[in-house]
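Okay, here's what each chain looks like letter by letter:
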Amino acid sequence: MVGITPGIVVVFLVIILALLLFATEPVPVDVTAIGIMVTLMLIQPASAALVSVGILAEPIVLFESYPGDALSGFANTATLTVLAMFILSEGIQRTGVIQMLGAKISTFTGNSELKQLGATVGLVGPISGFINNTAAVAILLPMVTDLAERGGTSPSKLLLPLSYASMFGGMLTIIGTSTNILASDVYSRITGEAGFSMFEFTALGAVVMVVGMVYLLTVGRTLTPMRIEPRRDLTEEFEMADYLTEVVVRADSPLIGQQVQKALVETEFDVDLLQLIRGETVFLEPLGPKEIQAGDVFTVRTDRNTLVNLIDVEGLDLMPITVTEDDLEIADKGQNLVEVVVAPGSSLVGESLASAGFRQRYDATVLAVRRGGELIRRRMDNLPLRVGDTLLVQATVESVERLDLNRDFIVAQEIERHDYRDGKIPVALGIVAGVVGLAALDILPIVVAALLGALLMVVTRCLRPTELYDAVQWDVIFLLAGVIPLGIAMENSGAAELLASMVVMTGDFLPLLAVLGVFYLVTALLTNVISNNASVVLMIPVAIEAATTLGARPFSFVVAVMFAASTAFMTPVGYQTNLFVYGPGGYKFTDYIRVGGPLQLVFAVVTTLGVAYFFPLV
């Protein structure tokens, strides 16, 4: 076994700290990754200083080229390929082709839950093999919720399978997910061999996807809970009956003549004004400058105790009416009551509605917040927002369209959009097909083909130059750039070799296939609590060392680790797509274990056997 050196100890301490931060997320994972990179960069000069005062016998060398290796993540082919794939995915999304495809599907699924489920997983799986699977779920989520609504099905029965199926599809090609691209790069760097080709593991990916789909349509369908009743009315779904009401201004009210902003908005009361009804006219925003008149009717969001105080103090009468979704959606102003999901990387994460100035900034009012299965309908202004929180938003159609275009949110319902570049559909699809073809035929390296495709998206006007930066999920890019140096440090310090030697000892009493299974299970468990990309960086160097020592084929072990890293089925935090559906599906944390646990075990067996069949271990 490799001796334990100061370098190994330090790297293990960094890994333990990284795991804790990734799992608990006191700061976003991309910030943690950059923090890891900076920490590793400081260790080398710090150790040299300790040598000069006699505390260490020799300096700790984590990077052969310093600081170049530590910063190499920013210029890494994996990072640049992922960046280009985000742009390609955005170009496809802007054409509206996937939304159109989804609309056609609803014409034959009807009110059959099984058909809706089959269409959902059958669509997102193959699509996720060619555009980033995170983007695929963000695009299809509104279509699936509308599919459920039109068919009288609970969205809970469709959204978790949507997330899982996107992970299956991501295993079809190297560009399906950033995990595959990163795994290829790490494998190539360590072994000196060529990275994975476009369809290197497609046969295995297809088998895994089919098995996963069969599970979701049978056992998974039974296990997936119905947390939300089939949608009839959003106000009912969010249980707003006790929080939405109408009040009328009495003739003796002290509010008469005052501006709405000063009289009712800028008060200590926990109340939101949604509409002003004056005679036959309904006013939405802006309500603030209007002067209050006798007989004005206000639609308000507040709780019962606040309402009692408001009526007593301000001279208002309660209207004997239950406010519904139809009351909040004005026909001549279009759709204006929607669910909005806080997206990963959103600038609102950690902010509250008040600190972000949500109402003023987005010209929209939040009526309730759903966090998994929990509904929050009062004192929301100072609630720190989290990724996956679902906001029930009331706004004009123009405001909803702006929210839909904003990268901070995913609007969880189909809305009328008139800016799809449907004339560019053949061009955008042709560019993606060209990227795949050039890489598959080895005419160009994947990174070159992807960057060329990204450039062509702009040249052909599928994307405008100003849309390039918004297309990239920068938190993923910084995460990749930050964790790549950790893998380099593990190799150079001997930490990967030490871990591998410990795993190799299991080879004394386990067959080689079982050792492969151990790697799969460890990676799968790890990826459920930390980033899938971090799992790949940590586990692939160990897998290669262990395979080499056992006389096995390193490529086979790397494929097992790579597939396991894309199977974060058991927690909502394990993969971004799980967070996308967490709020809209009303799921509980335990639902992911209930549905994803058996699926994880099925995949452990199928993938391990599949790797051994398609990529012999020796």
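Attention here is on the structure that accompanies the text. (Residues numbered from 1 in each chain as written. Predicted model: local features only at pLDDT ≥ 70, side-chain atom pairs only at ≥ 80, totals over all residues. Heavy atoms only, no water.)

The final tally for this structure, using the stated rule, is 11 salt bridges. In this structure, Arg-250 and Asp-252 form a salt bridge, with 3.1 Å as the shortest nitrogen-oxygen distance. Sharing partners across several salt bridges, the network here consists of Glu-90, Arg-94, Arg-421, Arg-464 and Glu-467. (Salt bridge = Lys/Arg side-chain N within 4 Å of Asp/Glu carboxyl O.)

Structurally, the position occupied by Tyr-420 is in the loop between β10 (409-411) and α17 (425-440). Spatially, the C-alpha atom of Tyr-420 lies 23 Å from that of Ser-346, the residues being 74 residues apart in sequence. The residues contacting Tyr-420, other than those within four sequence positions of it, are Gln-93, Arg-94, Thr-95, Gly-96 and Gln-99. (Helix = DSSP H or I, 4+ residues; strand = E, 2+ residues; numbered from the N terminus. Contact = heavy atoms within 4.5 Å.)

Counting across every chain of the model gives 18 aromatic pairs. With centroids separated by 5.2 Å and ring planes inclined at 85 degrees, the aromatic side chains of Phe-196 and Phe-555 adopt a geometry described as edge-to-face. Placement of Phe-196 in the loop between α8 (178-191) and α9 (202-217) and of Phe-555 in helix α24 (residues 554-565) is noted, with a sequence separation of 359 residues between them. Taken as a pair, Phe-196 and Phe-555 share a single burial class, namely buried. Ring geometry for Tyr-613 against Phe-614: centres 5.1 Å apart, planes inclined by 85 degrees, an arrangement best described as edge-to-face. Taken together through their ring pairs, the aromatic side chains of Tyr-187, Phe-196, Phe-201, Phe-555, Phe-563 and Phe-615 make up a single cluster. (Phe/Tyr/Trp six-rings, centres within 6.5 Å; stacked < 30°, edge-to-face > 60°. Buried < 20%, exposed > 50% of the residue type's maximum accessible area, 1.4 Å probe, protein only.)

Looking now at the sheet that holds strand β6 (residues 337-342). Two pairing modes exist for strands in a sheet, parallel and antiparallel, and in both the strands are linked by backbone hydrogen bonds. Pairing within the open sheet is antiparallel, and its 5 strands lie in the order β8-β7-β9-β6-β10. The sheet terminates laterally at β8 (374-376) and β10, the two strands that pair on one side only. Each adjacent strand pair in this sheet contributes to an overall mean axis angle of 30 degrees, direction not counted. As defined by bridge partners, β6 adjoins strand β9 (residues 390-395) across 5 bridges and the pair is classed as antiparallel. Opposite Leu-337, over in β9, you have Gln-394 as the bridge partner. (Pairing = 2+ DSSP bridges. Axes fitted to C-alpha atoms, helices over the stretch in contact; angles between N-to-C directions.)

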